[in-house]
Structures are given as structure tokens and as C-alpha cells.
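Structure assessment
In case you want the letters, here they are:
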Amino acid sequence: MEAFFIFIAKSSGLLVLFYCAYYFLLRKETFFNSNRWFLLAGLITSVVLPFLVYTKDIWVDPTPMINLNLAQINISEPVKESFQINWNYIIITLYSIGFLAFVFKFLMDFKSLNTLLKGKKVSQQADFKFIDTTENIAPFSYFDYIVYNSSMYTVIELENIIEHEKVHSEQNHTVDVLISRVFCIFFWFNPIVWLYKKAITQNLEFIADKEAAKKITDKRAYQYTLLKITTHENCIAITNHFYQSLIKKRIVMLNKNQSKKRNSWKFCVVVPALVAFVLLFQIETVAHEKPQIVTTKSNLGGMDVFKITKTTTDGEFNQKTKLLKENFDITASFSDLERNSKGELTAIKIELKKGNEISKQMQVKGDDAIKAFAIIVSTLEKGKLTIDFKSDESSITDNNIQALSNSVAAGEKEIFINGEKSTEEDLAKLDSKEIESVDVSKKSGKTIITVITKHLTEPFKITDKEIYINGVKSNEKELSLLDQKTIDKVDVNTKENTISITTKTVTSTSNNGTVKTNSQVTTIVNQQEKPLVVINGDLASPDFDTKDMDPNKISSINVLKGEKATAKYGSDGKNGVIEITTKTPTDKDGNEKKVYKGYPIIKSNNSESSTTTQSDKKDKQLIIVDGVIVKDKSLGELDKLDIKKMEIFKGSEAVAKYGEKGKDGVIVITTRK
């Protein structure tokens, strides 16, 4: 409906443009034939030009996306609003009433004309058909018919009238009248269109008067005939009738000298205005996100997904062709593209080739828009490539997934979900509506089940929504720092355009932007950009604070800023880099040594207290530092700065890895070398 209103507005504007150019510049000129084509061109342009939209494609960086667990999302139902008047429907109703009324009047005029011509005696002379009627009507022509009442005029007057109507018939002026009448039906609400129709009709009379006067010897007698016919106003609207109002203007134009040719420049005045119209209203800028390759890694190698939808543009196809060639040396051809009126793909043919190794084809053709599908390039062992087309998501249902799992139960199988090795339980938990494709293949006697989810290829966009974490308005960066395992509930309100996230334990934030954590949940608010910290060549964790370091253990500190930081560390160093080198403990002979006195106590940025285990557990747990079992449990404090990695194994996992020694748990510590 909005598109219809826009079209009407643009067409009306163009009609105003051409009418004003005619009225102010051309109306008093004697370029009657040129004026005729100018006015007709205005009508055609007002209809055609609004449909000629020039598309300007621009490529922008992809919108940042954050993946949330879609199973946790509850879509809030919009609150029903009170009754409101839909003005669009009221306007379209009023327009339709006027449109139908003028269509009815148009049809009645045709009926009146048919009644007048039906059953009358027709006299054929050359290309004209003359009808001498007894009815009291003004003479008129309709295509090759010329109708008059001979009893109402003298012989000379009738001769002048017939010469005039012959010009109308020869030059098909009836077409102009009908076209202008149709425009009055469609644009009945626009007063300019009625003035436009009057200008066309009047100019046609100027043409007929001028041509008829060339064949009549007594021009004065012709003008007297015009004056006499003004008394006969009974005529049919869709014909070229001899009587027209503004007889004075017709006589003035008949006696006016021919306009000078140099005045023809006035016809070109509309050209700059039309160019401005196109530049302002007919250029549509379409922003396309730069294509991304969605890549997942598994034990078998890599998997690259190139998704194709009904709205994929020619520019995006070119990008996919380039990426396939550059990254995999695959020659891709996208041909036989067909689109419907909405610009949606209805047909496509795809050919993929790589030497003698790969040759794949796929063709889709129909009346409806295509369903989304993907080209999946899998990198297997030793760099071997395989290509598959994945589509028909309607075949992926919960029952089909269960049947798929059961069908290969007897044999050995491996399951990969989005490239990660998974279990049957993981497969059973998947919501079938979130599955993009399922592929089953055989390799070395094993059944390989490969599942691609929509979550991988269509991440959940939140950039256009307001985000609230535990009731506090937050931004995308703060959301990205939130551990998804701590999310209890996500509510999406489509009416208010908001996302509300509730964590398992509510956290608070201090004034300086640091975090106080009540449980396993960590919410980061108002955190400022920090410089990158590198300790002994290794990147420190994002929450590392140099204030917790022991100055006595620091050998040197080097600070990099600006271009020096980005030149060495890339975009990660945009906020600056702090390079820290620590002192290495040595014995009396200068050899490196590591001394640990007591059970490890790890300092925390979030609390003044330290985290220790109970004394009875302390004596039983197995502690391994840099691969060496630590037997002396009375060791002193081990600073967090010295620890690069700590792993904790419990229960059956600890026993399986370290035997009976690990039955009470194992702590494995790796220090910075």
C-alpha cells in the first residue's frame, strides 16, 4: 500500500512539472504539433519514470553478532493495543470510491456514443465514414467517424466543419483524448490532471484549426463558423467535437504569426528537472554486508558454509565465486538466474569444479522463491576437499533425527555438530527447527553424521535492540563478556524491541567498574578499554591487573602505544601494550630454580581473602607442578603471576588419568617458563 501511495505522489509530481512547463513557456507558442507530443510525453513519463529505479550497491562490514542459546529465549507476546483508526485504509477507500465513479462515467459515455452511432446510415468517402444525423448535437469525430447534422448549417459552414474534423481523424486525435481521460480517472483527486486534459484538448483544436485554414479560401468565414457553433453545446466527452469553449483563444491563435524556431529551447527546460527527479527519488542505495565464511573446526579438518537465499544479490554471488576460487581453487558458476517482481530468486544453476577432483551441479527452477540452501566445503585429512549442497530443511524433524540415530546404532558412528565431535545425547537434545542440514557418510567403516544448525549460519542479531542484564541497561560489549553458562533466562520483547537477560545469580558492580561476584556469575558493567598485557612473551588474561604484581619480581616493563603497538600486535594492541619481563629465581651457582614452600594459595582480584581447601583434603589431594609431584604440603605462597595454567581433576576422571593416587582429586599446575 505504501508503494502505491509513493507511485501516485511521484506521478502527480511529474504531471505538475510538465503542465507548468507547458503553461508558462509553451502555451502561447504556435508549435502546436510539438506541443502535442510534449504533453503526451509528460503523461507517459509520469507513469514510466517512477518504475525506473537505479540501484546503487555498497558493501559494508558485517553487523556484529552475538550468539545466544536460542533454547533459552522466550518470545514475549505483544500487548494488544486499543482500537486505532487506520488512515491508510480510509484514504484507499476514498480513492477507490472516486476511481469507480469516474470509471462508471467513462463507460456511460461509451454507451451514449454507441447508441448514437448504432443503426445510422454510414457514407464512406476515402478513409472517412460520414454519418448525417437528425439529433441536435455538435459535430464531432471519433477515429474515422465524422458525425454532423447537415440541417443545422449552410453548405459553406458544413464544408468548414468537415475540413476541421478530417484533421482530427487523420491525425488520430481521439487517442490523445482517450489517454487524457484515462489519466483523469486514475488521478481524479489531482486538479492539475484536469487542467492537463484541458490543455491537450485545446491544443488539438489549435492543430485542427491551423490545418483546416490552409485548405479553406475564406478564413473569415471559418472564424464566423466557430462563433456560430458556440451555441451547440450538446456533445459527447470522449470525442473530438467541433465546439470547444475558449473560442476567442482559438481565433487568436488562428491569426497569430508563426513562432520563431529559436524559441524551441523551451522544450528542453524539463530535462534538468527530470535529471534532478531521478537523482533525488529514483536512486536506491542498497547496503550489502561483506560475505563471511562460517568456518568450524573438527577432528576431521575444516567446514566452510556458503549460504544462498532468495535475496542473495548478483554482487554476493560474485563475492562467493571469488572466495571459492581464492580459498579452495574451486571454479564456481552461478547462471540461469531468474527473479520475480519482488527481486527474489526463483531459478538458479550452480556448477562447481576443481580440476578432475570435484565436479558438482545443482539447478533449481520454479514459480515460487527458492528455499535457502548452502554450499558446504569440507576439508578432510591431508587437505582433501568434499563439496555438498544442503537444503530441504522441512525433511529435518525430531522423528527423522531419532530415526537417523537409531538406524546406525548397530555400527560404529561419529557425530559432528557444527564441526565439533558430539555424542548421541547432544544430537537428541537438538531442536529440529534449528537444524539447517544433516549429512550421513561412510569413512573407514564408520558412519559419520554431520549436522549443521541454523545457529551457525544465522547468528541471532541483537544490534537493533536494547539490552538489559538483571534489570541494568547494558551494551553489546558487556553482553559479549557475559558467560553464557550463567544465563538463566532470556526474554525478547518484540513490541518494546528489548532483550532482558536474567543470570542465575544477580551480581553487583562497584563505582570504579570492577566486579563483585556473589557466585559463579560474573557481569561486567562500565568496563573501560584496557591495554594488552604481555608477561614473558605470553598474553595475560583480560581480567589481569598489574596492581596485583609483586614489584620485586619484575625485571623490566616496556610500554608500547599507537602505531608501535599495532605494528607488533595488530588490532589487539590498539589500546596500547604493556610488556612485562619477570625475574628468574636462581641458586647460588646461578642456575634457574623454582621453589614452592607450602600448599598453593591463588590470589583473586575480586576478594581480599584467598581460596584454600580444607586441611583434610589438602593432605590427600595429588599436586603436580610442571609435571613433578609435589610431596611437601607445607610449601609457601605461590603468586598468581607465576602460574600459567591450573587444571583440577576429580572423581573417576582423576582416577582414570592418574590411578589410585588421584582418587581424592588432582591439581595440575603449569608455571611460566
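For the structure itself, look to the data block above.
In this text, all values refer to a predicted model and were calculated from it rather than measured experimentally.

1. Digging into the pairing of strand 4 (residues 128-132)
Looking at chain direction, strand 3 (residues 122-125) and strand 4 are connected through 4 bridges and run antiparallel. Bridge pairing in strand 4 links Gln124 to Lys129. Remark: 2 residues form the turn of the hairpin made by strand 3 and strand 4, two consecutive strands paired antiparallel; Ala126 in that turn has positive phi of roughly 55 degrees. Where strand 4 meets strand 6 (residues 145-148), 4 bridges bridge the pair, whose relative direction is parallel. Among the inter-strand pairings, Ile131 is bridged to a residue of strand 6, identified as Val147.

2. Quick notes on helix 2 (residues 32-48)
In an α-helix, one turn spans 3.6 residues, which is why side chains three or four residues apart end up on the same side. In this model, helix 2 (17 residues) spans 24 Å end to end at C-alpha, consistent with the 24 Å of a helix rising 1.5 Å per residue. Every buried residue of helix 2 is accounted for by Phe32, Asn35, Arg36, Phe38, Leu39, Leu40, Gly42, Leu43, Thr45 and Ser46. For helix 2, the secondary structure elements touched by its buried residues are helix 1 (2-26), helix 5 (173-186), helix 6 (191-215), helix 8 (247-255) and helix 9 (270-281).

3. Section: the environment of Gly366
By the secondary structure assignment, Gly366 is in the loop between strand 13 (358-365) and strand 14 (373-379). A residue is classified by how much of its surface remains accessible, and Gly366, at 34% relative accessible area, is partly exposed.

4. Here's the deal with helix 9
For helix 9, which comprises 12 residues, the first-to-last C-alpha distance of 16 Å matches the rise-based estimate of 16 Å (1.5 Å per residue) to within 8%. Along helix 9, the residues that are buried comprise Val270, Leu274, Phe277 and Val278. Each buried residue of helix 9 lies within a common arc of 95 degrees when the element is viewed along its axis, so the set occupies one face. The exposed set on the far side of helix 9, more than 90 degrees from its buried face, consists of Pro272, Leu279 and Leu280.

5. What about the sheet that holds strand 29 (residues 577-582)?
Consider a sheet: its strands pair through backbone hydrogen bonds, and that pairing is either parallel or antiparallel. With respect to topology, 4 strands assemble into an open sheet ordered 27-26-29-28, the strand pairing being mixed. Sheet topology places strand 27 (538-539) and strand 28 (554-560) at the edges, where each strand pairs with a single neighbour. Relative to strand 27, strand 26 (residues 532-535) runs antiparallel, the two being bridged by 2 bridges. Each bridged residue has a counterpart across the sheet, and for Val534 the counterpart in strand 27 is Leu539.

6. A few points about the side chain of Glu205
Summarising the element assignment, Glu205 is placed in helix 6. With a relative accessible area of 1%, Glu205 lands in the buried category. At a separation of 2.8 Å, a polar atom in the side chain of Glu205 contacts the side chain of His164. Here the side chain of Glu205 touches His168 through a polar contact of 3.2 Å, side chain to side chain.

7. Comments concerning a nonpolar patch on the surface
A contiguous nonpolar surface patch, about 720 Å² in accessible area, is contributed by Ile44, Val48, Leu52, Tyr54, Val271, Val275, Leu279 and Ile283. If you list the elements that add at least two residues to the nonpolar patch, you get helix 2 and helix 9. Looking at the nonpolar patch, the element that brings in the most residues is helix 9, giving 3 residues. Inspection of the secondary structure assignment puts Ile44 in helix 2. Residue classification places Ile44 among the exposed positions, given a relative accessible area of 55%.

8. Examining the packing of aromatic side chains
Tallied over the full model, the rule gives 26 aromatic pairs. Geometrically, the ring pair formed by Phe187 and Phe189 is tilted, given 6.4 Å between the ring centres and 55 degrees between the ring planes. The class for Phe189 is partly exposed, based on a relative accessible area of 36%. Taken together, Phe4, Phe5, Tyr95, Phe99, Phe102, Phe183, Phe186, Phe187, Trp188, Phe189 and Trp194 form an aromatic cluster joined through their ring pairs. Above the face of the Trp37 ring, Arg36 is positioned so that its terminal group lies 4.7 Å from the ring centre.

9. Re the environment of Lys249
Of note, Lys249 is situated in helix 8. Judged by relative accessible area, Lys249 falls into the partly exposed class, the value being 36%. Along the sequence, Lys249 and Gln202 sit 47 residues apart, while their C-alpha atoms lie 9.2 Å from each other. Excluding residues that lie within four positions of it along the chain, Lys249 makes contacts with Arg27, Gln202 and Phe206.

10. Overview of the nonpolar core
One finds Leu15, Phe38, Leu43 and Tyr196 to be the most contacted residues of the largest nonpolar core, which totals 35 residues. Element by element, the count of residues in this core is highest for helix 1, at 9 residues. With residues up to four places along the chain from it excluded, the contact list for Leu15 reads Gly42, Leu43, Ser46, Phe183, Phe187, Ile192, Val193 and Tyr196. Counting 20 residues, the second largest nonpolar core, distinct from the first, contains Ala332, Phe334, Leu345 and Ile370.

Each value, and the rule that gives it
Position numbers for residues count from 1 along each chain, tracking the sequence in the order it is written. In keeping with the predicted nature of the model, local features appear solely for residues at pLDDT of at least 70, side-chain atom pairs appear and are counted solely at 80 or more, and the whole-chain, interface and lining totals rest on all residues. The basis for every side-chain value is the complete set of heavy atoms in the structure, and neither hydrogens nor water enter the calculation. When DSSP finds two or more bridges between two strands, those strands count as paired. What counts as a helix is a DSSP run of H or I of at least four residues, what counts as a strand is a run of E of at least two, and both are numbered from the N terminus. Here the expected length of a helix is defined as 1.5 Å per residue gap, with one fewer gap than residues. When a residue's accessible area, from a 1.4 Å probe over protein chains only, is under 20% of the maximum for its type it is buried; when over 50% it is exposed; and in between it is partly exposed. What makes two residues a contact is simply this: any of their non-hydrogen atoms within 4.5 Å. This arc is taken over the directions from the axis of the helix to the C-beta atoms. Any N or O atom pair separated by 3.5 Å or less is treated as a polar contact, with the protein-specific requirement of one donor-capable and one acceptor-capable atom, and with residues adjacent in sequence counted only for side-chain atom pairs. Think of a patch as exposed residues, more than 30% relative accessible area, with no salt bridge, where like charges cluster within 9 Å and nonpolar side chains (Val, Leu, Ile, Met, Phe, Trp, Tyr) cluster within 5 Å. The accessible surface values rely on the Shrake-Rupley method and a 1.4 Å probe; as for residues, cover is taken only from the protein chains in view. Any Lys or Arg side-chain nitrogen found within 4 Å of a carboxyl oxygen on Asp or Glu counts as a salt bridge. In this scheme Phe, Tyr and Trp rings, the latter by its six-membered ring, pair at centre separations within 6.5 Å, and the angle between planes marks the pair as stacked below 30 degrees, edge-to-face above 60, and tilted otherwise. A ring is considered to have a charge above it if a Lys NZ or an Arg CZ atom is located within 6 Å of its centre and within 35 degrees of its normal. We define the nonpolar core as a collection of buried residues of types Ala, Val, Leu, Ile, Met, Phe, Trp, Tyr and Cys that are connected through side-chain atoms lying within 4.5 Å of one another.

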